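# Secondary and tertiary structure notes
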Amino acid sequence: MNVKKIREDFPLLLANPDLTYLDSAATSQKPACVLRAEREFYECHNANPLRGLYELSENATECYEDARKTVQHFIGAARPEEIIFTRNATESLNLVAYSLGSLLLKPGDEVVVSIMEHHSNLLPWQHAAKRAGAQLKFVECSKDGKITLEDVAAVLTEKTRIMAITQMSNVLGCVNDIKGIAGLCHEKGIVLVADGAQSVPHMPVNVSELDVDFLSFSGHKMLAPMGIGALYGKMEWLEKMPPFLTGGEMIEYVTRTGATYAEVPHKFEAGTVNAGGAYALAEAVRYMKNIGFDAIEAQENRLTRIAYEGMMNIPGIRVLGSSDPDNHHGILSFAVDGVHPHDVAEILNADNICVRAGHHCAQPLLQYLGTASTTRVSLAFYNTEEEIRAFIESLGGLRRKMGYE
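In this report, we go over the structure that sits alongside the text. Counting starts from 1 at the beginning of each chain's written sequence and moves along it residue by residue. For a predicted model such as this one, the threshold for reporting local features is a pLDDT of at least 70, and the threshold for listing and counting side-chain atom pairs is 80 or more; totals across whole chains, interfaces and linings nevertheless cover every residue. Hydrogens and waters are ignored; side-chain quantities use all the structure's heavy atoms.

### A look at the overall build of the chain
On a plain count of helices and strands, the chain comes out with 16 helices and 15 strands. Its C-alpha atoms give the chain a radius of gyration of 22 Å, within 12% of the compact-globule value 22 Å for 405 residues. Dimensions of the chain, computed from the C-alpha atoms along their principal axes, are close to 75 × 55 × 35 Å. Residue exposure (1.4 Å probe, protein chains only): buried if accessible area is under 20% of the type maximum, exposed if over 50%, otherwise partly exposed. The 405 residues of the chain split such that 58% are buried. Areas reported as accessible are Shrake-Rupley estimates using a 1.4 Å probe. Residue values count occlusion only from the protein chains shown. Accessible surface, the chain: about 17100 Å² in total, of which carbon and sulfur atoms supply 49%. Computed over 37 positive and 51 negative side-chain charges, the separation of the two mean positions in the chain equals 3 Å. Put simply, DSSP marks the helices as runs of H or I at least four residues long and the strands as runs of E at least two long, and each gets a number from the N terminus on. For the radius of gyration, the atom set is restricted to C-alpha positions; the globular benchmark scales as 2.2 Å times the number of residues to the power 0.38. Positive charge is attributed to Lys and Arg, negative charge to Asp and Glu, and no charge count is given to His or to the chain ends. A charged residue contributes its charge at one atom only: NZ of Lys, CZ of Arg, CG of Asp or CD of Glu.

And the structure:
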């Protein structure tokens, strides 16, 4: 991979050569082709999709539905109708929790989540369980972030209706065995919902091979604009589920007292859709496929190892999770003895290094690991070894700047 050449595709990185951006798990930078695609939609194809019978609107509809097909093939869905466009993974997971929860859950039932979930895959299930009078149960992980199939099997019961789990932790970078978990769930008739917000941008994900019932992800973490995401769902469930939002576009016929809903996926895409965002998301998919996940994973894992080994050579640094850098997949959350994570981020920022500090929307996990907040470094394939070296150098002098020997 020619990283120097790739960085030329990213206007923000090109315009800020002294900036070291290490917060891609929060949001990725955007290549020029993606920015052009969104602009192109509004300059060349702008009309309301799905509504007009005139040529421009039909063209907008074609652009929007072609984007759906691009996403379908990208994640290995069986048919384009199984792809629902949303604002982000959060909206996707709320959709499933509300619609599937209202379909399946009743008093006394159980919903299982893992302790490492992002709040986006926890709060919707808390609310769904409360609405139905169901119980929310947790699968714990080891201190190094492992969840075994035995751990999962021990929590599932005949009362479990739904399990929701992330494929890759946004705090620890560890990857869960989604295919194995899907097998356990389906043996017991349990629906599996996977959060792919961190995995889809960094590794090949095929929903048919994983046999998940649902999978969500956000465009803004995978080079696309903010405000566009997708939900994959098996057609057998999408057809049974009630709509999440109601209003324009998601109906076939409306009377004073009721309505019949449009077919899947439009039943779940109420109102004017983010067609420009979907169009740009498709371009982001093409860009990533052109680079290839073999190259993306190799670059990100190489940089992760360099960062981890450099951090381990600095006194007073503790990295959460596995002691094997290959299990972190571009995400390193760490603590600095005697220094608050916000101070760590501020000091690094003074050296033009961008990292995230806080609870990373995963407070139950951090509480379980015995801390309230950490600093997080998250990498992407456009990062360089020189940037990692600059981060290690700045981190190495941090405690001294805070008055420690």
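### Notes on the environment of Val264
Its location among the elements puts Val264 in the loop between β10 (259-261) and α11 (275-291). Take Val264: its relative accessible area is 12%, and that puts it in the buried class. When the C-alpha positions of Val264 and Tyr42 are compared, they lie 26 Å apart, and in sequence the two are 222 residues distant. The criterion used for residue contact is that any of the two residues' heavy atoms lie within 4.5 Å. Those residues within four positions of Val264 in sequence are excluded, and the remaining contacts are Glu81, Met235, Leu238 and Glu239.

### Observations regarding helix α8 (residues 178-187)
Every buried residue belonging to α8 is among Ile178, Gly180, Ile181, Ala182, Leu184 and Cys185, and all of these are buried. Packing partners of the buried residues in α8 comprise α7 (149-155), β5 (160-166), β6 (191-195) and α9 (207-210).

### So, the sheet that holds strand β14 (residues 356-358)
Only when DSSP finds a minimum of two bridges between them are two strands counted as paired. As summarised here, the arrangement of the four strands in space is β11-β12-β15-β14, forming an open sheet in which the pairing is antiparallel. Each end of this open sheet is capped by a strand with a single partner; those strands are β11 (317-319) and β14. Adjacent strand axes in the sheet meet at a mean angle of 30 degrees, parallel and antiparallel pairs treated alike. Alignment of β11 against strand β12 (residues 331-336), held across three bridges, turns out to be antiparallel. Paired with Val319 across the bridge in β12 is Phe334. Contacting β12, β14 and β15 (374-378), helix α13 (residues 341-350) runs over the sheet at an angle of about 160 degrees to β14. Orientation is described by lines fitted to C-alpha atoms, with helices fitted over the stretch in contact, and by angles between N-to-C directions that extend from 0 to 180 degrees.

### Things to note about the pairing of strand β2 (residues 83-86)
Judged by which residues are buried, β2 turns out to be covered on both faces: Ile83 and Phe85 on one side and Ile84 and Thr86 on the other are all buried. Bridge count between β2 and strand β8 (residues 229-233): four bridges; the pairing is antiparallel. Looking across to β8, one finds that Phe85 is bridged to Ala230.

### Some remarks on the packing of helix α5 (residues 89-104) against helix α6 (residues 123-132)
When two helices pack together, their arrangement is given by the angle between the helix axes and by the axis-to-axis distance. With their axes 9 Å apart at the nearest point, α5 and α6 run at an angle of 15 degrees to one another. Regarding the angle of α5 to α6, the classification is roughly parallel. At the point where α5 passes α6, the crossing takes the right-handed sense. Side by side, α5 and α6 meet where Leu93, Asn94, Val96, Ala97 and Tyr98 of the first sit next to Pro124, Trp125, Ala128 and Arg131 of the second. Partitioning the contact of α5 with α6 into residue classes produces seven nonpolar, one polar and one charged. In this scheme, roughly parallel covers angles under 35 degrees and roughly antiparallel covers those over 145, while 65 to 115 is roughly perpendicular and the rest are oblique. Take the far helix as your reference; a near helix turned counterclockwise from it by less than a right angle gives a left-handed crossing, and one turned clockwise gives a right-handed crossing. Only Asp, Glu, Lys and Arg are considered charged in this grouping, and only Ala, Val, Leu, Ile, Met, Phe, Trp, Tyr, Cys and Pro are considered nonpolar; every other residue, Gly among them, is considered polar.

### Section: unusual backbone geometry
Put simply, Val264 and Pro265 share a cis peptide bond, and its omega is 10 degrees. Within the secondary structure layout, Pro265 lies in the loop between β10 and α11. A positive phi is found at Asn352, a non-glycine position, where the angle reads about 60 degrees. Look at Asn352 and you get partly exposed, because its relative accessible area is 39%. One non-glycine residue, His360, lies in the positive phi region at around 60 degrees. Position of His360 relative to the elements: it lies in the loop between β14 and α14 (363-368). The exposure class assigned to His360 is buried, which follows from its relative accessible area of 7%.

### Quick look at the side chain of His360
At 2.7 Å, the side chain of His360 forms a polar contact with the side chain of Thr374. With residues up to four places along the chain from it excluded, the contact list for His360 reads His118, Asn170, Val171, Ser333, Thr374, Thr375 and Arg376. Counting of polar contacts relies on pairs of N or O atoms within 3.5 Å, with two restrictions inside protein: one atom must be capable of donating a hydrogen and the other of accepting it, and residues adjacent in sequence are counted only when both atoms are side-chain atoms.

### Considering the pairing of strand β9 (residues 251-254)
Note that β9 and β10 share three bridges and pair antiparallel. Residue Ile251 lies in a different strand from β10, and its bridge partner there is Tyr261. Counting the residues between successive antiparallel strands, the hairpin from β9 to β10 contains four residues.

### Description of the pattern of salt bridges
Within this document, salt bridges are pairs made up of a side-chain nitrogen of Lys or Arg and a carboxyl oxygen of Asp or Glu, the two lying within 4 Å of each other. Evaluation of the coordinates by the stated rule reveals 19 salt bridges. The salt bridge partner of Glu81 is Arg79, with a shortest N-O separation of 3.5 Å. Here Arg79 falls in the partly exposed class, since its relative accessible area comes to 37%. Here Asp213 and Lys234 are joined by a salt bridge, their closest N and O atoms 3.5 Å apart. Of the two residues, Asp213 is situated in the loop between α9 and β7 (214-218) and Lys234 in the loop between β8 and α10 (235-238); the sequence distance between them amounts to 21 residues. Salt bridges linked by common partners bring Asp23, Arg356 and Arg376 together as one network.

### A word on the packing of aromatic side chains
Note on aromatic pairs: the rings of Phe, Tyr and Trp (six-membered ring only in Trp) are paired at centre separations within 6.5 Å, and the planes decide the class, stacked below 30 degrees, edge-to-face beyond 60, tilted for the rest. If you walk through the whole model with that rule in mind, you get 10 aromatic pairs. Considering the side-chain rings of Tyr64 and Phe85, the 5.2 Å spacing of their centres and the 50 degrees angle between planes classify their relative orientation as tilted. With Tyr64 in helix α4 (residues 55-75) and Phe85 in strand β2, the pair connects residues that are 21 residues apart, well separated along the chain. A residue is classified by how much of its surface remains accessible, and Phe85, at 6% relative accessible area, is buried. With 5.6 Å between their ring centres and 55 degrees between their planes, Tyr98 and Phe244 make a pair best called tilted. In this pair, Tyr98 is assigned in helix α5 and Phe244 in the loop between α10 and β9, connecting sequence segments 146 residues apart. Judged by its relative accessible area of 25%, Phe244 is partly exposed. One aromatic cluster in this structure is built from Phe10, Tyr287, Phe381 and Tyr382.

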